[in-house]
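Chain residues, written in single-letter form:
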Amino acid sequence: MKKVLILDFGGQYNLLIARRVRECGVYCEIKSFRITMEEVRAYGPDALIFTGGYASVFAAGAPMVDMALYEMGIPVLGICYGMQMMMQQLGGVCRRSVTREYGKTELTQTGGSPLFRGVPEKAIYWMSHGIEVEQTAPGFRTIASSAGCRHAAVEDPAHKLYCVQFHPEVVHTQYGRQILENFLYGVCGFDREWAMSSYVDEAVAECRARIGSGRVLLGLSGGVDSSVAAALLQRAVGDQLTCIFVDHGLLRKNEGDDVERVMREQLHVDIRRVNAQERFLGKLAGVTEPEAKRKIIGEEFIRVFEAEAKKIGKVEFLAQGTIYPDVVESGLGGESVVIKSHHNVGGLPEHVDFDDIIEPLRRLFKDEVRQLGMELGLPESLVWRQPFPGPGLGVRIIGEITREKLEILREADAIFREEMDRAGLGRSASQYFAALTNMRSVGVMGDERTYDYAVALRAVETQDFMTATWCRLPWELLDKVSGRIVGEVRHVNRVLYDVTSKPPATVEFE
Ligand code: XMP
């Protein structure tokens, strides 16, 4: 299988480049630009992409690649900083831009380059740079320019070297996808080879080889990642896999039963469900501070998991549903800084006896995990499940968590999700849910005065959950949901819609 090596210079869209390449059906991985030539040769890439980055090519010690990379004879695409670096290294000249370009910019392409095949002469591209190429390196010709940037794209077709100042990977670049396809299929000559249908066998074989006759323990949360990991491991090693499903009582409506049923009946997974609702609610009684709540839930989770694991005894492998963005964001893939550590509930259990960790999804993006789930026969309702945080409804109930509040929230949230699905919007928003505010207010129902809770609805769109914008849901839908919630859920007399983006708000309420 052909593979692209993406060398990461720390730019903000780097993970997106990898996603786009994979969407084109070409396998790729991100590594830091600090990789050595020996490591590159050992990896054996068929093409290279140099990403954008935060550094200036003029800075002392600016990140540069080994010149031997250009001698490998494989196609290279340099994006933004990657372009400037290539030009500097190959004998061109960069300068500070006279006009900094940021955002949507019109570019004119001169025609004749395979990179722009099928792309109109003028189109909108996403630019973000304060440095530009003043003089191209020998052998290169300019293939696109904008009002403020004469060399917005250049090529040396004889050596298959291509550079673009804009970002083809972001959606704001009108023909970005086409340009990436042109590079991958046209310039590199790759085919669509990377697909989950063919990856299943490879992944199963890999897990089998690694696990041998060992035993595997997996913590199942009911979320997409751990469910797909369970399905894959079950396919690979059957009953050598045991899953522990800690039901902390903070799950959505019917969630615990659904997960248990699918895993046990459909996939024949050896699943041990621990009903620990009482224990969690007991510990959480009277606690209102968000971080304290999170901490209790995280710690209890580990304790319950450990106690159950002890009953199983020694296992060779502890499996985790880590996916590729987690790997990259924790700084192991490329140059990106650690951003996500708080998102793994409680970390690793200390008192579980295992030799090694197995992460069967660590090379996959979320959409690939979903496709893999479908290939493995998981039901759509599980594969397309809304992202759900480890602490569950615990961070969607403001203030103290009580049984009554959980009941109210479960019902309201189920109605919202049901109506989103009915309206055909279920997959259009990245995440949506109901939260229970700690506010009570006055209302009137029939002839009676009420004094009840306000439910907040939230729906956001996001690429990476680091930033998010609130969804402009249709008024009719909000009206329907609001009507049903106050009509069907006791002790709710008001429904609010959250129109705050992230930042300044977060996606979850606590
Ligand atoms: P925030 O609230 O940080 O949420 O803007 C961003 C995304 O992360 C999810 N999230 C969590 N997921 N454990 C998880 O597994 C957590 O503690 C946690 N906190 C937030 C949230 O649902 C959203 O998708």
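The present account deals with the structure reproduced in this document. (Residues numbered from 1 in each chain as written. Predicted model: local features only at pLDDT ≥ 70, side-chain atom pairs only at ≥ 80, totals over all residues. Heavy atoms only, no water.)

**A few points about the overall build of the protein chain**
- The secondary structure content of the protein chain amounts to 14 helices and 18 strands.
- Each principal axis of the C-alpha distribution contributes one length, and for the protein chain these read about 80 × 60 × 40 Å.
- In the protein chain, which comprises 510 residues, the share counted as buried stands at 55%.
- Here the contacts in the protein chain between residues at least 6 apart in sequence split such that 75% fall between residues at least 24 apart.
- With an accessible surface of roughly 22100 Å², the protein chain has 49% of that area assigned to carbon and sulfur atoms.
- Within the protein chain, the 70 negative side-chain charges are centred at a point lying 1 Å from the centre of the 60 positive side-chain charges. (Helix = DSSP H or I, 4+ residues; strand = E, 2+ residues; numbered from the N terminus. Buried < 20%, exposed > 50% of the residue type's maximum accessible area, 1.4 Å probe, protein only. Contact = heavy atoms within 4.5 Å. Areas by Shrake-Rupley, 256 points an atom, 1.4 Å probe, with all protein chains shown as cover. Lys, Arg positive; Asp, Glu negative; His and termini not counted. Charge placed at Lys NZ, Arg CZ, Asp CG, Glu CD.)

**Notes on the packing of helix H8 (residues 277-284) against helix H9 (residues 290-312)**
- Look at H8 against H9: their axes get within 10 Å of each other, and the N-to-C directions meet at 150°. Relative to H9, the crossing made by H8 is right-handed. Between H8, through Arg 279, Phe 280, Lys 283 and Leu 284, and H9, the contact on the second element is made entirely by Lys 293, Ile 296, Ile 297, Glu 300, Phe 301, Arg 303 and Val 304.
- Residues that form the contact of H8 with H9 fall into these classes: 6 nonpolar, no polar and 5 charged. (Axes fitted to C-alpha atoms, helices over the stretch in contact; angles between N-to-C directions. Left-handed = near helix turned anticlockwise from the far one by under 90°. Nonpolar A, V, L, I, M, F, W, Y, C, P; charged D, E, K, R; others polar.)

**Concerning the sheet that holds strand S7 (residues 141-146)**
- With mixed pairing, the 9 strands of this open sheet are ordered in space as S2-S1-S3-S4-S9-S8-S7-S5-S6. Whereas interior strands pair on both sides, the edge strands pair on one side only; in this sheet they are strand S2 (27-32) and strand S6 (122-135). Taking the axes of each pair of neighbouring strands and ignoring which way they run, one obtains an average angle of 25° across the sheet.
- Pairing analysis gives 4 bridges linking S7 to strand S8 (residues 149-156), with the strands arranged antiparallel. Counterpart to Ala 144 in the pairing with S8 is Ala 153.
- In the packing of helix H4 (residues 176-187) onto the sheet, contacts are made with strand S1 (3-9), strand S3 (47-53), strand S4 (76-79), S6 and strand S9 (161-164), and the angle to S4 comes to roughly 165°. (Pairing = 2+ DSSP bridges.)

**Some details on the pattern of salt bridges**
- Applying the stated criterion across every chain, the model contains 41 salt bridges.
- Among the ionic pairs, Lys 295 bridges to Glu 299, the shortest N-O distance being 3.5 Å. You can see Lys 295 and its partner Glu 299 sitting in helix H9, 4 residues apart, about one turn around the helix.
- Residue Glu 299 is classed as partly exposed on the basis of its relative accessible area of 40%.
- Two residues, Arg 458 and Asp 498, come together in a salt bridge whose shortest N-O distance is 3.2 Å. Linking Arg 458 in strand S16 (residues 448-461) with Asp 498 in the segment after strand S18 (492-497), this pair joins segments that are 40 residues apart in sequence.
- Judged by relative accessible area, which is 0%, Arg 458 ranks as buried.
- For Asp 498, a relative accessible area of 13% corresponds to the buried category. (Salt bridge = Lys/Arg side-chain N within 4 Å of Asp/Glu carboxyl O.)

**Details of the sheet that holds strand S12 (residues 270-275)**
- On the basis of which strands lie adjacent, the open sheet formed by 5 strands has the order S12-S11-S10-S13-S14 and parallel pairing. Edge positions in the open sheet fall to S12 and strand S14 (356-358), since each of these has one partner strand only. The mean inter-strand angle of the sheet, taken between neighbouring strand axes irrespective of direction, is 25°.

**Side note on the site of the ligand**
- If you check the shell around the ligand, you find 12 residues, and the closest are Arg 294, Gln 431, Lys 502, Val 507 and Glu 508.
- Gly 390 places a main-chain nitrogen or oxygen 3.2 Å from an oxygen atom of the ligand.
- For the ligand, whose accessible area on its own is 500 Å², the fraction buried by protein is 87%.
- Considered class by class, the residues forming the shell around the ligand number 4 nonpolar, 5 polar and 3 charged. (Near = heavy atom within 4 Å. Polar contact = N/O pair within 3.5 Å; in protein donor to acceptor, adjacent residues only side chain to side chain.)

**Things to note about the pairing of S8**
- The element S8 is largely enclosed, with a buried count of 7 among its 8 residues.
- Counted along the chain from S7 to the antiparallel partner S8, the turn is 2 residues long.
- Where S8 lies against S9, 4 bridges are found, and the strand directions are antiparallel. What sits directly across from Ala 153, in S9, is Val 164.
- Two successive antiparallel strands, S8 and S9, enclose a turn made up of 4 residues, where Lys 160 displays a positive phi of approximately 55°.

**With respect to the state of the cysteines**
- According to the stated counting rule, one finds 0 disulfides in the structure shown.
- Note on Cys 94: no disulfide assigned, nearest cysteine sulfur contributed by Cys 163 at a separation of 9.6 Å. (Disulfide = S-S within 2.5 Å.)

These figures come from the coordinates and say nothing about function on their own.
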